[in-house]
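Okay, here's what each chain looks like letter by letter:
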Amino acid sequence: MKANNESNQETATIYIMGKKHLVPKALTILNALEYAGYRLIRGCGCRGGFCGACGTVYRMQGDYKLRNALACQTKVEDGMYLTQIPFYPANKAIYNMDELEPTAQQIIDLYPEIFRCVGCNSCTKICPQDIQVMDYVNAALRGDIARAADISFDCIMCGLCASRCPGELVQYYIGLLCRRLYAKYIAKPAKHLAGRVNEIKDGKFDNDIDELTKMDTVKLKELYAQRDIEK
Amino acid sequence: MAENNSDKNIVYYPGCTLHTWAKSLSDTFIESFKKLDINLHELSDWSCCQAVFPLARDNIMGLVPAARILIQAREHGDILTTLCSFCFNVLRRTNNAIQTDGEIRAKLNAYLEEDYTGDVHVLHPLEILKVMVGFDKLKSKVTKPCGNIKIGPYYGCQLIRPPKEMKFDDPEDPKLLDMFLESIGCEVVNFPFKVECCGSYQIVQGEDMVADRAYAILSNARKNGAEAIALSCPLCFYNLDTRQNLITQKYTDFSPMPVFYFTELMGMALGIDEGLCGFDKHKVDPGILLESLQKSSDTQEHVTVKNDQNKLGVN
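Within every chain, residues take consecutive numbers counted from 1 along the sequence as written. Each chain takes a letter, starting from A, and each ligand takes a number, starting from 1, following the order in which they are written. Per-residue local features are limited, in this predicted model, to residues with pLDDT of at least 70; the limit for side-chain atom pairs, both in listing and counting, is 80 or more; totals at the level of whole chains, interfaces and linings are taken over all residues.

Enquirer: I'd like a rundown of the overall build of chain B, residues and numbers included.
Expert: Across its full length, chain B holds 13 helices and 8 strands. Throughout, a residue-residue contact means that the two C-beta atoms, derived from backbone geometry, are no farther apart than 7 Å. Residue pairs in contact within chain B that sit at least 24 positions apart in sequence constitute 78% of those at least 6 positions apart. Put simply, DSSP H or I for four residues or longer makes a helix, DSSP E for two residues or longer makes a strand, and each gets a number counted from the N terminus.

Right, here's the structure in full:
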């Protein structure tokens, strides 16, 4: 019960795993956890909304709806009952990408539990990235790998979908497999990339790299600020 | 209703096999309906209908995917059509359950957070042809009548049973497929086994039993004069064509019989690109019959079964 001296406008009452905390309203859930005294070793990674480590579920007082958040991207709200799901057990198939085929049968062979999807859509409802998870599972099931790769593209593999699935699927690994199959077997090869790799192998940039590694920090910072991307 | 078809958006739910194993069923349907000036709007990102209508009344979850498809369809039109007999069976019965069973309707709507009352019409393409197009109009659009092929119309189970819910046709002696085949110029052969079960999903574990069923059906069709059969269900097609080798292996007196999706024959009759018919994917080569169609001359030659066995990829 910190910040008792702060006004109600600036604080929010939240419940972390059932325990009541008064925290500043400006904080993200992740900061609020730390403010409340938790030291986060797991369940916290990039703090930028990309790594998927801080998947959080919560309910608002008096509302049956189960909500979701990335703790690093979501501000606290008054009346939040929350907990983090930093890890959820998931079975990952081991495969050699050179030996696969971009077909529904391939996905079924590696993740046969895909047939246990009953179409409840719980995965989609819990996704903090607003991905149509069930739709990409179904696209994979009917062999539309390109569509499955496209829909699942923004997945950060937080695992909340797997935590909610009554069919015990691990959706995000199916999405990952589809994106890999798409990249390797369906998407057109990027010729410019192959060209650049050859340039690197041929030593085109060796001198520049040498120069950079020997450069003093001040000059290096100067150059960094002048990159094309900054202009 | 039949006068202004081009303004009517019919929503099309393909279902899992129509983009893969039964691609010709879908392609010939879409192209044929274009020739008949009927717009089809294919749903995007549809999910599996779950294939089998749940028999336990409290299995609400089993109805959720079909209900979602119906609700998705409602956004695009008031008529939903699908070709696969299993999809058709599940969608029509789910819609019926939503219309007639208040508890099911309430639970599904609560779960899906919707207010669907079953107002989408689930129609089979054969019903659309009869009611919205009319078999007379279909007949008038035929450019290559299937004059010389004696076809047995095979209905199977899922289109017509259970009759109280499906309300498709006379459950004992259905005629809709017969009428369709007549309108595209086929010589229709009535045979008593046209509503027998082909063995359905038993193919997964009971090939021998399916071979018996398929032998009985095809032999009965032949005994009554059929040279080929026409059907609408991808699973019937799988059991009767793709795995016809099971019959030839077990019954030495059996000679192969071609099997067509009714839409393939419709496509041929309406003059669509024959490549869409996917006859190269048929295990029983219908080539000789098709030649006879084009030459408009009878042939008694036997057709052949291709040797390469195909396995059911999704089972």
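What follows continues from the structure just given.
Enquirer: A description of the pairing of strand β1 (residues 9-12) of chain B should follow, citing residues and the corresponding values.
Expert: It is a general feature of regular strands that their side chains alternate between the two faces of the sheet. Residue and element names in this part refer to chain B. Direction of pairing for β1 relative to strand β2 (residues 39-42): parallel, over a ladder of 4 bridges. Within β2, the position partnered with Val-11 by the bridge is His-41. With the strands pointing away from the viewer, any crossover whose connection runs clockwise from the first strand over the helix to the second is right-handed. Handedness of the crossover joining β1 and β2 through helix α1 (residues 23-35) is recorded here as right-handed. Pairing between strands requires that DSSP locate at least two bridges from one strand to the other. Here 3 bridges tie β1 to strand β3 (residues 79-81), and the two strands are oriented parallel to one another.

Enquirer: Got a sec to walk through helix α12 (residues 262-270) of chain B? Specific residues and values, please.
Expert: Residue and element names in this part refer to chain B. Here the C-beta atoms are placed from the backbone, and a residue counts as buried if at least 20 other C-beta atoms lie within 10 Å of its own, exposed if 12 or fewer do, and partly exposed otherwise. Counting buried residues along α12, 9 of its 9 residues qualify, which places the element largely inside the surrounding structure. For α12, every residue scored as buried is listed here: Phe-262, Thr-263, Glu-264, Leu-265, Met-266, Gly-267, Met-268, Ala-269 and Leu-270. Buried residues belonging to α12 abut α1, α6 (135-141), α8 (176-183), β7 (228-231) and β8 (259-261). Positive backbone phi, approximately 80 degrees, marks Gly-271, located one or two places after α12.

Enquirer: Requested: an account of the interface of chain A and chain B, with residues and values cited.
Expert: The interface of chain A with chain B comprises 12 residues on the first partner and 13 residues on the second. Where the side of chain A that touches chain B is concerned, the elements lending two or more residues are α2 (104-110) and α4 (133-141) of chain A. Top contributing element to the side of chain A that touches chain B by residue count: α4(A), with 4 residues. Residue classes in the side of chain A that touches chain B are distributed as 5 nonpolar, 5 polar and 2 charged. Each residue receives one of three labels: charged for Asp, Glu, Lys and Arg, nonpolar for Ala, Val, Leu, Ile, Met, Phe, Trp, Tyr, Cys and Pro, and polar for the others, Gly being one of them.

Enquirer: Let's hear about the domain arrangement of chain A: which residues, and what values?
Expert: Residues and elements named next belong to chain A. Along its sequence, chain A is organised into domain 1 (8-84) and domain 2 (97-186). The straight-line distance from the C-alpha centre of domain 1 to that of domain 2 is 28 Å. If you list the elements that add at least two residues to the side of domain 1 that touches domain 2, you get β3 (55-60) and β4 (67-70). Element by element, the count of residues in the side of domain 1 that touches domain 2 is highest for β4, at 3 residues. Domain start and end points were adopted from an automatic or database domain assignment.

Enquirer: Give me the sheet that holds strand β1 (residues 11-16) of chain A: which residues, what numbers.
Expert: Residue and element names in this part refer to chain A. One open sheet holds the 5 strands; their spatial order is β2-β1-β5-β3-β4, and the pairing between them is mixed. Of all strands in the sheet, those bounded by a partner on one side alone are β2 (19-24) and β4. Taken over all neighbouring pairs, the strand axes of this sheet differ in orientation by 35 degrees on average, direction set aside. Of the pairings in the sheet, the one linking β1 to β2 comprises 6 bridges and is antiparallel in character. Paired with Tyr-15 across the strands is Lys-20, a residue of β2. Every axis corresponds to a line fitted to the C-alpha atoms, with the helix fit spanning only the stretch in contact, and the corresponding angles, defined between N-to-C directions, vary from 0 to 180 degrees.

Enquirer: Which residues make up the domain arrangement of chain B, and what values do they have?
Expert: All names here are of chain B. Domain parsing of chain B yields domain 1 (2-125) and domain 2 (143-295). Each side of the interface is counted separately: domain 1 has 22 residues, and domain 2 has 22 residues. Of all elements in the fold, only α1 and α3 (85-100) reach the threshold of two or more residues within the side of domain 1 that touches domain 2. No other element matches the 9 residues that α1 contributes to the side of domain 1 that touches domain 2.

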